[in-house]
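Below are the chains, spelled out letter by letter.
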Number of protein chains: 2
Amino acid sequence: MPKENKNSALKVNQGIEQPPVVNPYINNFYSKKRTGLLTKEEYLKGILAGNTTILSQAITLIESSRTDHRALAQSIISECLPYAVKSMRIGITGVPGAGKSTFIEAFGGLITSRGHKLAVLAIDPSSERSKGSILGDKTRMEKLSSDPNAYIRPSPSGGSLGGVARKTRETIILCEAAGYDVIFIETVGVGQSETSVHSMSDFFLLLMLAGAGDELQGIKRGIMEMSDLIAITKADGSNRDKATLAKALYGNALHLFPPSESGWVPKALTTSSVTKEGLNEVLETILDYFRHTEENGYYLHKRREQSRFWMYESIQEELKSRFFDDPAIAAKLDEYEQKVLNGEMSSFAASAQLLSIYNKK
Amino acid sequence: MPKENKNSALKVNQGIEQPPVVNPYINNFYSKKRTGLLTKEEYLKGILAGNTTILSQAITLIESSRTDHRALAQSIISECLPYAVKSMRIGITGVPGAGKSTFIEAFGGLITSRGHKLAVLAIDPSSERSKGSILGDKTRMEKLSSDPNAYIRPSPSGGSLGGVARKTRETIILCEAAGYDVIFIETVGVGQSETSVHSMSDFFLLLMLAGAGDELQGIKRGIMEMSDLIAITKADGSNRDKATLAKALYGNALHLFPPSESGWVPKALTTSSVTKEGLNEVLETILDYFRHTEENGYYLHKRREQSRFWMYESIQEELKSRFFDDPAIAAKLDEYEQKVLNGEMSSFAASAQLLSIYNKK
């Protein structure tokens with residue numbers, strides 16, 4: 001990457017100790033204690049030193065359902081927060097078949113070849129897992145898996161979208177503290193998870209196949225308008241002309257959208273993960289976006305708004321869980337929902353009655 | 001309207017007594033009691049008879065902050081529910097300047113001239129009021145205001161979007177029970193309220209000006225993709241060519257969007273509220289949509305999903321209000337929010353600490 005890019009878009013982790021060449025002794029030292037927990041200081045030191053074993057163990061704490069693990073995780077996250085700045089968080093979505101895994105493999109390689117450290121995370125709630133998860137299958141990203149400057153972590157398993165999203169957002173913070181200055185947050189792109197990914201990314205990349213239609217089935221409407229860049233994938237061989245046409249069509253369509261708050265005008269590009277054509281342009285477009293939003297202050301503004309959003313969002317998630325997990329509510333919920341669905345009771349009357357059951361406790 | 005349309009898309013309020021010619025004695029009878037409350041039976045009888053004075057009084061109960069008023073309103077709504085079927089709920093949005101009020105005036109007149117009864121409601125939270133509310137200003141819809149088959153009710157005032165949306169949704173039910181078979185739910189189109197309108201409409205109409213750009217500033221991204229029809233307004237005089245071009249551009253763009261769950265392909269049309277050109281096409285398109293979604297079952301499916309959505313939504317709203325109105329939370333909220341905004345505390349740590357304050361109560 002040219003130096004000027006680095007200065008404008010990527011003043012990453014200034015003043016943070018760069019990860020040392022991995023010291024086998026240290027890894028050995030930690031691995032001895034692997035069955036137990038490390039202290040907060042040990043985790044922190046390991047993460048800030050870019051030790052991926054420690055990083056992975058700390059992420060496992062985030063994902064744990066044990067209260068003591070979660071508490072330790074929270075205190076690690078708090079300490080990592082000051083280091084989780086000036087990164088590029090890039091949300092990536094696209095329907096199954098759009099070639100997400102090969103794109104991430106090829107584009108990720110370009111990122112690390114430019115001197116960046118890349119973490120690839122995912123939001124992939126269990127209910128959506130069957131529909132095209134890629135990160136469960138690291139073998140599809142062979143090169144990136146063995147790239148010392150890339151760290152791949154599959155989606156936390158199980159639980160609601162809210163829970164999975166929270167864990168991923170916390171994992172971002174640890175990865176950034178560990179020196180990963182580019183974060184991919186990938187999603188399978190067929191459900192509600194795109195919105196979650198969007199609300200924790202700086203930049204939102206939508207991967208599309210040439211030829212709209214059946215391929216798009218399942219993409220939530222509204223996602224196109226949230227995108228900062230649409231990359232038409234598989235623009236090679238006999239598919240190239242179709243992809244070029246699609247790029248023109250989407251490019252025109254994007255101009256019709258309401259302007260985004262960032263002042264950025266979304267673009268459409270063609271890419272090929274096979275010939276590598278277009279990948280440089282994708283990267284330059286992303287760097288342009290970061291320069292643009294750093295200059296106009298939107299980058300920080302959005303980060304702050306996202307932090308606020310997630311504070312309120314997780315309060316709501318918890319209030320909801322408490323309510324719906326309450327045995328008195330759980331016992332009655334289906335009955336009321338059925339009445340509402342059958343038009344026997346208004347949504348608001350059902351809500352009021354359930355709330356009054358909850359109050360009596 | 002041709003008979004076959006009426007049969008397919010509009011089997012409205014079958015078996016419900018049609019509103020009588022207003023009987024001055026009855027109005028007088030009720031007006032005597034206006035300072036007090038009627039009985040539930042009186043409200044119900046009046047609403048089902050299409051008496052707009054009684055309807056307005058019942059809506060005032062919905063909007064009241066008094067607990068006894070709200071309880072009475074709930075019992076009236078419950079009784080009205082069975083009659084609130086087979087209507088056409090049409091959400092209408094568009095930026096200020098798109099000519100919403102003149103469109104509603106002209107298009108509303110067409111609707112009533114076809115033998116329908118039209119209720120025009122609005123969602124217009126106080127925070128958005130200054131940005132272009134139309135229904136506060138009935139004088140802009142002079143003809144519709146004096147049309148005996150149209151009922152115009154300004155947005156309930158004050159309160160959060162959630163509260164305003166709930167009141168509007170309940171008002172829809174009363175209006176439908178009163179024989180209004182077409183409901184417009186209008187919003188100023190510059191905030192979060194479009195999403196609320198979308199979740200209580202069968203059909204979503206977006207009014208656009210020719211020439212995207214500054215005019216679109218403030219429309220939430222994602223709204224275009226939610227639209228079932230984009231009507232380019234003011235397609236007359238020197239503006240006609242520009243509007244025709246815009247129609248073609250949007251028409252092309254709409255084809256690129258992911259297919260909607262309803263199987264409906266959104267359209268773009270030009271309209272003029274001055275020459276009335278295009279208004280018939282808008283109506284025919286809307287009737288097409290209703291025929292299409294009645295046939296494939298999506299109409300009822302969406303209504304049921306919306307009922308379910310609002311049940312959960314209003315539970316969440318109430319849980320949130322209780323939390324944030326709690327004095328212990330209110331006293332600490334700003335402090336935690338600031339810490340989150342300043343990156344001193346993670347969103348999730350702040351959320352956890354606020355929840356633990358709430359628990360101690």
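Calculation criteria
Per chain, residue numbering runs from 1 following the sequence as it is written. Each chain takes a letter, starting from A, and each ligand takes a number, starting from 1, following the order in which they are written. At least 70 in pLDDT is required for a residue's local features to be given in this predicted model, at least 80 for side-chain atom pairs to be given and counted, and no such filter applies to totals for whole chains, interfaces and linings, which use all residues. Side-chain descriptors were evaluated using all non-hydrogen atoms of the structure, hydrogens and water having been removed beforehand. Lines fitted to the C-alpha atoms define the axes, with helices restricted to the stretch that makes contact. Angles between their N-to-C directions range from 0 to 180 degrees. A run of DSSP states H or I qualifies as a helix once it reaches four residues; a run of E qualifies as a strand once it reaches two. Both are numbered from the N-terminal end. Each angle receives one of four descriptions, namely roughly parallel if under 35 degrees, roughly antiparallel if over 145, roughly perpendicular if within 65 to 115, and oblique otherwise. Two helices crossing with the near one rotated counterclockwise from the far one by less than a right angle form a left-handed crossing, whereas a clockwise rotation gives a right-handed crossing. Two residues form a contact once any of their heavy atoms are found within 4.5 Å. Two cysteine sulfurs form a disulfide in these notes if their separation is within 2.5 Å. For the exposure calls, accessible area comes from a 1.4 Å probe over protein chains only, and a residue counts as buried if that area is under 20% of its type's maximum, exposed if over 50%, partly exposed in between. Our superposition of the copies is a least-squares fit, built on the C-alpha atoms of residues whose pLDDT is at least 70 in both. Buried area counts how much accessible surface, traced with a 1.4 Å probe, disappears from two parts once they are put together, with both parts' losses summed. A pair is scored as a salt bridge if a Lys or Arg side-chain nitrogen falls within 4 Å of a carboxyl oxygen belonging to Asp or Glu. Nitrogen and oxygen atoms within 3.5 Å of one another constitute a polar contact, given that in protein one can donate a hydrogen and the other can accept it, and given that sequence-neighbouring residues count only through two side-chain atoms. Following DSSP output, two strands are said to pair if at least two bridges run between them. Here, the term nonpolar core denotes a set of buried Ala, Val, Leu, Ile, Met, Phe, Trp, Tyr and Cys residues that are joined through side-chain atoms within 4.5 Å. The length a helix should cover is 1.5 Å for every residue beyond the first. Bend at a residue means the angle formed by two fitted axes: the first through the 7 residues ending at that position, the second through the 7 residues beginning there. The domain boundaries here were taken from an automatic or database domain assignment. Amino acids outside the nonpolar list (Ala, Val, Leu, Ile, Met, Phe, Trp, Tyr, Cys, Pro) and the charged list (Asp, Glu, Lys, Arg) are all regarded as polar, and Gly is one of them.

1. Digging into the packing of helix α3 (residues 40-48) of chain A against helix α5 (residues 67-80) of chain A
Residue and element names in this part refer to chain A. Interhelical geometry of α3 versus α5 gives an angle of 45° and a closest axis separation of 10 Å. With respect to α5, the element α3 is oriented oblique. Where α3 crosses over α5, the two elements pack in a sense that is right-handed. Packed against α3, whose contacting residues are K40, Y43, L44 and I47, the element α5 presents L72, S75, I76, E79 and C80 at the interface.

2. Here's the deal with the state of the cysteines
Residues and elements named next belong to chain A. Across all of its chains, the model carries 0 disulfides over all chains by this definition. In this structure C175 is a free cysteine whose sulfur lies 9.9 Å from that of C80, the closest cysteine sulfur available. Here C175 falls in the buried class, since its relative accessible area comes to 0%.

3. Here's the deal with the relation of the copies chain A and chain B
Take chain A, turn it by 180°, move it 0.0 Å along the axis, and it overlays chain B with an RMSD of 0.1 Å. What the superposition gives is, in effect, a two-fold axis relating one chain to the other. When each C-alpha of chain A is compared by its distance to the rotation axis, G222 of chain A comes out closest, at 2.0 Å.

4. Section: the interface of chain A and chain B
Between chain A and chain B, the residue contacts involve 63 residues of the former and 63 residues of the latter. Carbon and sulfur atoms supply 65% of the area buried between chain A and chain B, which totals about 5,700 Å² over both sides. Remark: the boundary between chain A and chain B carries 2 salt bridges. Across the pair R308 of chain A and E337 of chain B runs a salt bridge, and its minimum N-O distance is 2.1 Å. Summed over the shared surface of chain A and chain B, the result is 17 residue pairs in polar contact (both at pLDDT 80 or more). If you tally residues by element for the side of chain A that touches chain B, the top one is helix α14 (residues 298-325) of chain A, at 15 residues.

5. Observations regarding the pattern of salt bridges
Residues and elements named next belong to chain A. If you walk through the whole model with that rule in mind, you get 34 salt bridges over all chains. Close ionic contact of K332 with E335 constitutes a salt bridge, the shortest N to O distance being 3.6 Å. Of this pair, K332 and E335 both sit in helix α15 (residues 327-341), 3 residues apart, which is roughly one turn of that helix. For E335, a relative accessible area of 36% translates into the label partly exposed.

6. Description of the sheet that holds strand β1 (residues 88-94) of chain A
Residue and element names in this part refer to chain A. Taken in spatial order, the 7 strands make up an open sheet running β3-β2-β4-β1-β5-β6-β7, and their pairing is parallel. Strands with a single pairing partner mark the edges of an open sheet, and in this sheet they are β3 (150-152) and β7 (267-270). The average angle at which neighbouring strand axes cross in this sheet is 25°, direction not considered. Bridge count between β1 and strand β4 (residues 182-187): 5 bridges; the pairing is parallel. Looking across to β4, one finds that M88 is bridged to V182.

7. A closer look at the nonpolar core
The biggest cluster of nonpolar side chains holds 110 residues, and the ones touching the most others in it are I47 and L174 of chain A together with I47 and L174 of chain B. In contact with L174 of chain B, other than residues within four places in its own chain, are I47, L55, A58, I59, I62, I76, I77 and C80 of chain B.

8. Here we look at the side chain of H69 of chain A
With respect to the helices and strands, the residue H69 of chain A is situated in helix α5. With residues up to four places along the chain from it excluded, the contact list for H69 of chain A reads L37, L61 and S64 of chain A.

9. Let's talk about the pairing of β4 of chain A
Residues and elements named next belong to chain A. In terms of residue burial, β4 counts as a mostly covered element, since 6 of its 6 residues are buried. Alternating positions in β4 separate into two faces, V182, F184 and E186 on one and I183, I185 and T187 on the other, with burial throughout. By the bridge criterion, 6 bridges tie strand β2 (residues 118-123) to β4 in an arrangement that is parallel. Bridged to V120 within β4 is F184.

10. Notes on the sheet that holds strand β6 (residues 229-232) of chain B
Residue and element names in this part refer to chain B. As summarised here, the arrangement of the 7 strands in space is β3-β2-β4-β1-β5-β6-β7, forming an open sheet in which the pairing is parallel. Whereas interior strands pair on both sides, the edge strands pair on one side only; in this sheet they are β3 (150-152) and β7 (267-270). Strand-to-strand twist in this sheet, taken as the mean axis angle between neighbours without regard to direction, amounts to 25°. Examined bridge by bridge, β6 and β7 share 4 bridges and lie parallel to one another. Bridge assignment links A231 to a residue of β7, and that residue is L269. Docked against the sheet, helix α6 (residues 100-113) engages β1 (88-94), β2 (118-123), β3, β4 (182-187) and β5 (203-208), running at close to 175° with respect to β4.

11. Thoughts on helix α15 (residues 327-341) of chain B
Residues and elements named next belong to chain B. With 15 residues, α15 should reach 21 Å at 1.5 Å per residue; the first-to-last C-alpha distance of 22 Å fits that figure. Considering bend angle alone, the principal kink of α15 is centred on L333 and spans about 40°. Of the residues making up α15, those classed as buried are I329, L333, Y336, E337, V340 and L341. With a side-chain oxygen positioned 2.8 Å from the backbone nitrogen of A328, the residue opening α15 is D326.

12. Description of the side chain of H116 of chain B
Among the secondary structure elements, H116 of chain B is positioned in the loop between α6 and β2. In this structure the side chain of H116 of chain B is engaged in a polar contact, spanning 2.7 Å, whose partner is the side chain of D181 of chain B.

13. Observations concerning the domain arrangement of chain A
Interface size is commonly expressed as the accessible surface area that is lost when the partners come together. Residue and element names in this part refer to chain A. Domain boundaries assigned for chain A yield domain 1 (26-80), domain 2 (84-296) and domain 3 (307-359). Contacts between the two partners involve 16 residues from domain 1, matched on the other side by 15 residues from domain 2. One can count 2 salt bridges joining domain 1 with domain 2. Measuring nitrogen to oxygen at the nearest pair gives 3.6 Å for the salt bridge that ties R70 to E170. At the junction of domain 1 and domain 2, the tally comes to 5 residue pairs in polar contact (both at pLDDT 80 or more). Within the residue set of the side of domain 1 that touches domain 2, elements represented by two or more residues are α3, α4 (52-63) and α5. Considering each element in turn, the side of domain 1 that touches domain 2 owes the most residues, 8 residues, to α4. The class makeup of the residues in the side of domain 1 that touches domain 2 is 9 nonpolar, 5 polar and 2 charged.

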